[in-house]
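Secondary and tertiary structure notes
Here is what each chain is made of, one letter per residue.
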Amino acid sequence: MKKNTTTQMKFLFIILSLAAFALCESPAHEQGDGEKPVEESESESKGDSALGEDNKLSTEGKAVQTPLHKYKYLFTQHRSTQLEAVKRIVSMDSNERQYELVNMMLGQIFKTVESAKQNVTTWGFLPGDPFPENITILEGVTKILENTALFGDMVLRLPDIVHDLYDRRKEWQLLLAWSYGFCMQSNVFEGPNLQLLSLMAQEVNIIPQDPKYFNPFKAANQEKMKQVQDHKKPPTVKKTKKKLKRGPRMSHTEL
């Protein structure tokens, strides 16, 4: 039994690792993390800025997909994989195994985000800059975006475990506040993913909570919901059979 448990945890860890660190579809440069990326020409940089992020014109005057547009599509697909992996942890029947796996994942997430932050800062990429085409910079940026989103899934669906670990680590809190701002200025998060980012920030108090904010995955809130549902149930009324009054009957002799 213990062997099966260990195998299951390793399997989930591999799934989450892939969900956290998969990069853009383009192949990576054969450069180290700290190596300076190849700089783009001034004309290329200005051209991208003038034509906008989502689309730019080709030499034939036709709109073509930019790296940002391509990555948005991949990011949306990748988010489904991340969410499915987190749901698997939620469905685990052992709180101890959940805690151990979440602890491992949070450590890896913040280690990756910290490293990527140092790299993109060293390379001169700042939050709000045009989406990078350089593969080396792109890898650092995507690690920040995807790991921040994965943390959002975890803190919203496993709030009690994540808060127990996250709330003790001031360095994690400062780093997440930075990565939240980075993601908000990336132009990558849209629709449900943008909503996830907002809910994550409210959950960990990066931004003020909306008066209507409510996380149904918190144990305390689940208990409240159960009490409300029990209170709304109408009281069961025991049905009693009505006794029919028996009037005078005719006997066979009278017939």
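What counts, and where the lines are drawn
Residues numbered from 1 in each chain as written. Predicted model: local features only at pLDDT ≥ 70, side-chain atom pairs only at ≥ 80, totals over all residues. Heavy atoms only, no water. pLDDT = per-residue confidence, 0-100. Contact = heavy atoms within 4.5 Å. Axes fitted to C-alpha atoms, helices over the stretch in contact; angles between N-to-C directions. Helix = DSSP H or I, 4+ residues; strand = E, 2+ residues; numbered from the N terminus. Parallel < 35°, antiparallel > 145°, perpendicular 65-115°, else oblique. Left-handed = near helix turned anticlockwise from the far one by under 90°. Nonpolar A, V, L, I, M, F, W, Y, C, P; charged D, E, K, R; others polar. Expected span 1.5 Å × (residues − 1).

Next up on the list: the confidence of the model for the chain. When pLDDT is averaged across the chain, the result is 78; 62% of the residues are at 70 or more. Across residues 21-35, confidence stays below pLDDT 50; counting only partners more than four residues off in sequence or on other chains, it has 30 contacts. Throughout residues 38-53 the model reports pLDDT below 50, and contacts reaching past four residues in sequence, or to other chains, amount to 15 contacts.

Glancing now at the packing of helix α4 (residues 95-122) against helix α5 (residues 135-157). Where α4 contacts α5, the two axes come as close as 9 Å, and the packing angle between them is 150°. As far as their axial angle goes, α5 and α4 are roughly antiparallel. In this structure, α4 meets α5 at a crossing whose hand is left-handed. In this structure, α4 contributes Val102, Met105, Leu106, Ile109, Phe110, Thr112, Val113, Ala116, Lys117 and Val120 to the contact, and α5 contributes Ile137, Gly140, Val141, Lys143, Ile144, Asn147, Leu150, Phe151 and Met154.

This paragraph deals with the packing of α4 against helix α6 (residues 159-166). One way to put it is that α4 packs onto α6 with a least axis distance of 10 Å and a crossing angle of 55°. When the axis of α4 is compared with that of α6, the two are oblique. Where α4 crosses over α6, the two elements pack in a sense that is right-handed. Side by side, α4 and α6 meet where Gln98, Tyr99, Val102, Asn103, Leu106 and Phe110 of the first sit next to Ile161, Val162, Asp164, Leu165 and Tyr166 of the second. When its residues are assigned to classes, the contact of α4 with α6 shows eight nonpolar, two polar and one charged.

Helical periodicity: at 3.6 residues per turn, an α-helix aligns residues three or four positions apart in one direction. Here α4 spans 40 Å end to end across 28 residues, near enough to the 40 Å set by a 1.5 Å rise per residue. Immediately downstream of α4, the backbone of Gly124 shows phi near 85°, a positive value.

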